[in-house]
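# Per-entry structural report
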Amino acid sequence: MAQMQDITVPDIGDFDQVDVVEVLVKPGDEVQPEQPLITLESEKASLEVPSPVAGMIKEVLVKVGDKVHEGSLIARVEIAGQAQAEAAQAPPPDQPKGAEELSKAATKAEASFQDKPDQGDAPPIEPPAEDRSKPSAESPTAPSTHAERKPPPDTGHPALDISPHGKPLASPAVRKFARELGVDLSQVHGSGPHGRITQADVQGYVKQQLARPASTAGGGIPPMPQIDFSRFGEIETMPLSRIKRRAGPNLHRSWLNIPHVTQFDEADITELEAFRKSERKASEARGIKLTLLAFLLEACARALRDFPHVNSSLAPDGENLILKKYIHIGVAVDTEDGLLVPVIRDVNRKGINELARETAELAELARARKLKPEQMQGASFTISSLGGIGGTAFTPIINGPEVAILGVSRARMQPQWNEQENRFEPRLMLPLSFSYDHRVIDGADGARFTRHLAGLLGDLRRILL
Ligand code: COA
């Protein structure tokens, strides 16, 4: 039968009510002898209570914030098979050295108030160059960094791990864990009581560092400071949607890797809109909503055919251009959870009604979160239309490795000068915002492309030529 062992708080000397500041195990965890189970903190010192045996935690009887004293029950451990036999014969397991250890620790802590910050055994994960240029919080010349890391609150009694020099508050186990990973604790934001750094904080920091796009690691881009906004007022933290979490790194990568230029232009769509309205009823009879977007797709396909390098990607070697003989256009769709970009294939081979129907179907699938991965792949160009919402212009981010994207804002009736008749006349003008990769498309070609597109939209007959 499995043998159970109760683990209690050891002799902690003069301290009769000590705070539990960390619980490092949970039921079901396998533990080894000397593995810390909880961290206690008195006014002067902190101490980890290790497991005296190997086994499995069956029950944890304390929680963070509890006050305990010598003899308080911490946990019940089911002793591991082999250890069980040994435990039956061996003298009572080594209890933590209690008061002696605690007072030793306190002495060491007081001494460490004068010490340098804990550098650990391993070299810390190097913060990016820009971080290194920032004076360290411990540097005598450091500016006040309290906006970047919450200072330990004045509890009236210094806890063991806080130094007046702002040494991060963390238990010995967390310090050891950080040292093993090479993490500099002064870079880690503590989420525990009094800003204490927990093991989860260290893990979170490492994950965050690993998730940094490669181009930002050492790329000279200063990271955003970690600010505790609750210092300024009430806040609420909510997770980003899955779509935004996935799209974010792609947008960031494009923004950082592609030298963007945005060319603004306007297309006179007075005639196009009149034509669309005249055809709308006939399309509706076929169950199709004839949208401006369908005309934009058709005109873009033609413009891409005429400007093949806009329908391309830079080869990874940066020395060749991959021209695509197909014209697949991504359409940005605004969904409740963020932006999705379904792709309409072979736009140049489809009629306007077909494009309108397919766009509506894909947008509906996107909003119902039913798009298949292959329906979002293979685009050679993208259109982002915010015309249904409003605005006059914007600077869309290229969906790399494509080399260009067309942003469309809301068409407005505007006075245009008619040179032949020497008068202003009202025309429906559609704002175009064309972002392009300046390594592939130069400024003159960017302007030629939007002029050409505006010409096609201004007179649809040109598409036929
Ligand atoms: N100027 C004036 N009116 C416009 C317009 C424009 N550029 N574009 C659309 N409209 C009108 C439409 O004609 C429609 O009016 P109607 O019902 O009277 O015909 C209305 O605005 C709503 O259009 P919308 O629902 O946007 O349809 P759409 O076919 O134009 O666009 C999507 C479809 C999927 C592109 C669009 O719904 C969408 O999601 N846009 C957001 C894209 C986005 O978030 N981009 C940001 C990326 S950075």
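Residues numbered from 1 in each chain as written. Predicted model: local features only at pLDDT ≥ 70, side-chain atom pairs only at ≥ 80, totals over all residues. Heavy atoms only, no water.

## Observations regarding the overall build of the chain
- Along its length, the chain carries 11 helices and 19 strands.
- Of all 465 residues assigned to the chain, the portion counted as buried reaches 41%.
- Taking the intrachain contacts of the chain between residues at least 6 apart in sequence as the baseline, contacts between residues at least 24 apart amount to 64%.
- Of the accessible surface of the chain, which amounts to about 26,000 Å², a share of 53% is contributed by carbon and sulfur atoms. (Helix = DSSP H or I, 4+ residues; strand = E, 2+ residues; numbered from the N terminus. Buried < 20%, exposed > 50% of the residue type's maximum accessible area, 1.4 Å probe, protein only. Contact = heavy atoms within 4.5 Å. Areas by Shrake-Rupley, 256 points an atom, 1.4 Å probe, with all protein chains shown as cover.)

## Thoughts on the side chain of Asp445
- By secondary structure assignment, the location of Asp445 is in helix H10 (residues 443-458).
- By relative accessible area, Asp445 is classed as buried at 19%.

## Remarks on the nonpolar core
- Counting residues in each nonpolar core, the largest one holds 50 residues, and the members touching the most others are Phe381 and Leu457.
- Looking at this core, the elements with two or more residues in it are helix H8 (292-306), strand E12 (329-331), helix H9 (352-367), strand E16 (381-385), strand E17 (404-408), strand E19 (423-437) and H10.
- When residues of this core are assigned to their parent elements, the largest contribution, 10 residues, is made by H8.
- If you look at the next biggest cluster of nonpolar residues, it comprises 20 residues, including Val18, Val25, Val77 and Ile79. (Core = buried A, V, L, I, M, F, W, Y, C linked by side-chain atoms within 4.5 Å.)

## With respect to the site of the ligand
- Looking at the ligand, there are 21 residues lining it, with Asp334, Arg367, Ser384, Ser385 and Ala411 nearest.
- Interatomic distance of 3.0 Å between a side-chain N/O atom of Lys289 and an oxygen atom of the ligand.
- At 2.9 Å, a side-chain N or O of Ser384 approaches a nitrogen atom of the ligand.
- About the coverage of the ligand: the protein hides 72% of its 940 Å² of free accessible area.
- Elements with a contribution of two residues or more to the shell around the ligand: helix H7 (270-285), H8, strand E13 (333-335) and E16.
- Per-class residue counts for the shell around the ligand are 9 nonpolar, 6 polar and 6 charged. (Near = heavy atom within 4 Å. Polar contact = N/O pair within 3.5 Å; in protein donor to acceptor, adjacent residues only side chain to side chain. Nonpolar A, V, L, I, M, F, W, Y, C, P; charged D, E, K, R; others polar.)

## Points about the pairing of strand E2 (residues 18-23)
- Sheet topology note: the E2/strand E7 (residues 67-68) ladder contains 2 bridges and is antiparallel. Paired with Asp19 across the bridge in E7 is Lys67.
- Where E2 lies against strand E4 (residues 36-41), 4 bridges are found, and the strand directions are antiparallel. Of the residues in E4, the one forming a bridge with Val23 is Ile38. (Pairing = 2+ DSSP bridges.)

## A word on the packing of H8 against H10
- Packing of H8 against H10 leaves a shortest axis separation of 9 Å and a crossing angle of 135 degrees. The angle between H8 and H10 places the two elements in the oblique class. For the pair H8 and H10, the crossing hand works out as right-handed. Residues Phe295, Leu296, Ala299, Cys300, Arg302, Ala303, Leu304 and Asp306 of H8 form the contact with H10, whose own contacting residues are Phe449, His452, Leu453, Leu456 and Leu457. (Axes fitted to C-alpha atoms, helices over the stretch in contact; angles between N-to-C directions. Parallel < 35°, antiparallel > 145°, perpendicular 65-115°, else oblique. Left-handed = near helix turned anticlockwise from the far one by under 90°.)

## Some words on the packing of aromatic side chains
- Within this structure, the stated rule accounts for 6 aromatic pairs.
- Ring geometry for Phe307 versus Phe449: centroids 5.5 Å apart, planes at 85 degrees, classification edge-to-face. Of this pair, Phe307 sits in the loop between H8 and strand E10 (312-314) while Phe449 sits in helix H10, and the two are 142 residues apart along the sequence.
- Take Phe307: its relative accessible area is 13%, and that puts it in the buried class. (Phe/Tyr/Trp six-rings, centres within 6.5 Å; stacked < 30°, edge-to-face > 60°.)

## Quick look at the sheet that holds strand E1 (residues 4-8)
- Pairing is antiparallel across the open sheet formed by 4 strands, whose spatial order is E1-E8-E6-E3. In this open sheet, the two strands that pair with only one neighbour each are E1 and strand E3 (30-31).
- With 2 bridges joining them, E3 and strand E6 (residues 55-60) adopt antiparallel strand pairing. Paired with Glu30 across the two strands is Met56, which belongs to E6.

## What to know about a positive patch on the surface
- On the surface, Lys277, Arg280, Lys281 and Lys289 cluster together into a positively charged patch.
- Topologically, Lys289 is positioned in the loop between H7 and H8.
- We classify Lys289 as exposed; its relative accessible area is 59%. (Patch = residues over 30% accessible without salt bridge, like charges linked within 9 Å, V, L, I, M, F, W, Y side chains within 5 Å. Salt bridge = Lys/Arg side-chain N within 4 Å of Asp/Glu carboxyl O. Lys, Arg positive; Asp, Glu negative; His and termini not counted. Charge placed at Lys NZ, Arg CZ, Asp CG, Glu CD.)

## Things to note about the pattern of salt bridges
- Inspection of the entire model under this criterion finds 22 salt bridges.
- When the shortest N-O distance is used, the salt bridge between Glu78 and Lys58 registers 3.7 Å. With a gap of 20 residues between them, Glu78 in strand E8 (residues 73-79) and Lys58 in strand E6 connect regions that are remote in the sequence.
- When its relative accessible area of 24% is taken as the criterion, Glu78 is described as partly exposed.
- Salt-bridge contacts for Glu59 lead to Arg76; the nearest nitrogen and oxygen are separated by 2.9 Å. One end of the pair, Glu59, is in strand E6; the other, Arg76, is in strand E8, with 17 residues separating them in the sequence.
- Overlapping salt bridges bring together Asp6, Glu59 and Arg76 as one network.

## Section: the packing of H8 against H9
- Between H8 and H9, the shortest axis-to-axis distance is 8 Å and the interhelical angle comes to 120 degrees. Taken together, the axes of H8 and H9 lie oblique to each other. In this structure, the crossing between H8 and H9 has a hand that is right-handed. Across from Leu293, Ala294, Phe295, Leu297 and Glu298 in H8, the residues of H9 making contact are Ile352, Leu355, Ala356 and Thr359.
- When its residues are assigned to classes, the contact of H8 with H9 shows 7 nonpolar, 1 polar and 1 charged.

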